[in-house]
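Given next are the chains, with one letter for each unit.
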Amino acid sequence: MYYIGVDLGGTKIAVGIVSVYGKLLYKYTVKTEADKGVETVISNIIKCIESAVAEYGISISNVASIGIGSPGVIDSETGTVIAAFNFKDMINVCLAGEIQKRINRPVAVSNDANCAALGEVVAGAAKGYSDVVMITLGTGVGGGIVINGELYEGGRSRGVELGHIVVNHGGNLCSCGRRGCWETYASASALIKRTMEEAAAHPDSLLAKMVAEAETVNGKTVFNAAEQGCPVAKAVTDEYISYVSEGLIDLTNVFRPQIILIGGGISNEGERLIGPIKKYVAENSFGAGIIEVPHIARATLGNDAGIIGAAMFAKRTLK
Ligand SMILES: [Zn+2]
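Residues numbered from 1 in each chain as written. Predicted model: local features only at pLDDT ≥ 70, side-chain atom pairs only at ≥ 80, totals over all residues. Heavy atoms only, no water.

1. Concerning the domain arrangement of the protein
Here is step 1 of the chain: Splitting the protein by domain gives domain 1 (2–121 + 303–317) and domain 2 (128–298).
Here is step 2 of the chain: Averaged C-alpha coordinates put domain 1 and domain 2 at centres separated by 28 Å.
Here is step 3 of the chain: Counting residues at the interface gives 16 residues for domain 1 and 18 residues for domain 2.
Here is step 4 of the chain: Buried area between domain 1 and domain 2, summed over both chains or domains, comes out near 1300 Å², and the portion from carbon and sulfur atoms is 55%.
Here is step 5 of the chain: Its largest share of buried area at the contact with domain 2, domain 1 owes to Asn114, Ala117 and Val121, together 35% of the area lost on that side.
Here is step 6 of the chain: Joining domain 1 to domain 2, the criterion identifies two salt bridges.
Here is step 7 of the chain: For Arg316, the salt bridge identified is with Glu150, shortest N-O distance 3.4 Å.
Here is step 8 of the chain: Viewed at the interface, domain 2 and domain 1 are joined by five residue pairs in polar contact (both at pLDDT 80 or more).
Here is step 9 of the chain: Secondary structure elements with two or more residues in the side of domain 1 that touches domain 2: β5 (73–75), α3 (112–123) and α10 (304–317).
Here is step 10 of the chain: The element that contributes the greatest number of residues to the side of domain 1 that touches domain 2 is α3, accounting for seven residues.
Here is step 11 of the chain: Here the residues of the side of domain 1 that touches domain 2 sort into nine nonpolar, three polar and four charged. (Domains from an automatic or database assignment. Contact = heavy atoms within 4.5 Å. Buried area = accessible area lost by both parts, 1.4 Å probe. Salt bridge = Lys/Arg side-chain N within 4 Å of Asp/Glu carboxyl O. Polar contact = N/O pair within 3.5 Å; in protein donor to acceptor, adjacent residues only side chain to side chain. Helix = DSSP H or I, 4+ residues; strand = E, 2+ residues; numbered from the N terminus. Nonpolar A, V, L, I, M, F, W, Y, C, P; charged D, E, K, R; others polar.)

Right under this line is the structure:
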């Protein structure tokens, strides 16, 4: 038997054929066309699943279940996307029902960040750990929590919004309407915003020169400038690292995970990001020096984590 995992993204849909042990065997992607509305997105998901199955050379009857990792607030008990704001009209859509109607296989839906966390536990950097927190530093800050080896989805499976814990009371205005949310300081977007602000404020700095010369300014720009000795860049990366760490300490104090995984584009900075975060968390979490602190590592599966996690989520829930 095979398991299908679907990573429903804003720009592309990735469908994977996954083994019973969580190994990604084959992957097929199509464009999401989110701007064309829900019907188009659903028919693109179906097309992508059918193409993946055909290209891999199996029949849909060899597929035990289909799991979908979707952005937004999900009711995973009914397989409904309650609201995914970057999709046109994706409000109260029973994705599981719609897919199941057209492909006669059982379907489960969970939040994409949750699926990524589960994928890393099954087949990635958190393999062998039972209590895990994973965060993704991207446009926003997403996250997933695994307790005793199972995904923790919150009450009524409404998900966990790790990016919306407040790290600065009265601070930056967040898209959720509150001020000071973690993602307004710890996301890749926040780091790029600070990079641009500080480059503009210090036009003679190496950071300003590197920003001016960069084709696209991304999270790497400021880390590169800091590594080359620019004090303005160093202040930006130090500030960023402290914000990421403060949020991780809150999560450590609440959940006491064995391991924290960091994913998303910024995690490509590797040790120059993770090294200082480890030190900060070790020195500042509750009971520092007495209680053991979680391991902190990079997520290793990238986008495949969401596919594998979605497949394994369906396998576990549709019994
Ligand atoms: Zn918020």
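Next comes the rest of the account.
2. Comments concerning the coordination of the zinc ion
Ideal values for angles at a metal depend on the geometry: 109.5 degrees with four tetrahedral donors, 90 or 180 degrees with six octahedral donors.
Here is step 1 of the chain: Donor atoms from the polypeptide that bind the zinc ion are His164 (ND1), Cys174 (SG), Cys176 (SG) and Cys181 (SG), placed at 2.0 to 2.3 Å.
Here is step 2 of the chain: Coordination at the zinc ion comes from four donor atoms whose angles at the metal span 102 to 119 degrees, giving a geometry best classed as tetrahedral.
Here is step 3 of the chain: All donor residues of the zinc ion come from one chain, and their arrangement in sequence is H-x9-C-x1-C-x4-C.
Here is step 4 of the chain: The exposure class assigned to Cys176 is partly exposed, which follows from its relative accessible area of 44%. (Donors = N, O, S within 2.8 Å, 3.2 Å for Na, K, Ca; no water. Tetrahedral: all angles 85-135°; square planar, octahedral: opposite > 155°, others 65-115°. Buried < 20%, exposed > 50% of the residue type's maximum accessible area, 1.4 Å probe, protein only.)

3. A look at the packing of helix α6 (residues 206–213) against helix α7 (residues 219–227)
Here is step 1 of the chain: α7 packs onto α6 with a crossing angle of 140 degrees between their chain directions and a minimal axis gap of 9 Å. In terms of orientation, α6 lies oblique with respect to α7. Considering how the two elements wind past one another, α6 and α7 form a crossing that is right-handed. On the side of α6, the interface is formed by Leu206, Leu207, Met210 and Val211, while α7 contributes Thr221, Val222, Asn224 and Ala225. (Axes fitted to C-alpha atoms, helices over the stretch in contact; angles between N-to-C directions. Parallel < 35°, antiparallel > 145°, perpendicular 65-115°, else oblique. Left-handed = near helix turned anticlockwise from the far one by under 90°.)

4. Brief notes about a nonpolar patch on the surface
Here is step 1 of the chain: A cluster of nonpolar side chains, namely Phe286, Ile290 and Ile291, defines an oily patch on the protein surface of about 360 Å² accessible area.
Here is step 2 of the chain: In this structure, Ile290 sits in the loop between α9 (271–284) and β13 (295–298).
Here is step 3 of the chain: Judged by relative accessible area, Ile290 falls into the exposed class, the value being 76%. (Patch = residues over 30% accessible without salt bridge, like charges linked within 9 Å, V, L, I, M, F, W, Y side chains within 5 Å. Areas by Shrake-Rupley, 256 points an atom, 1.4 Å probe, with all protein chains shown as cover.)

5. A look at the packing of α7 against helix α8 (residues 231–255)
Here is step 1 of the chain: α8 packs onto α7 with a crossing angle of 120 degrees between their chain directions and a minimal axis gap of 8 Å. Comparing the axis directions of α7 and α8 gives the class oblique. The handedness of the crossing between α7 and α8 is left-handed. Each of Val222, Phe223, Ala225 and Ala226 in α7 lies in contact with α8, whose residues at this interface are Ala233, Lys234, Val236, Thr237, Tyr240 and Ile241.
Here is step 2 of the chain: Here the residues of the contact of α7 with α8 are counted per class, giving eight nonpolar, one polar and one charged.

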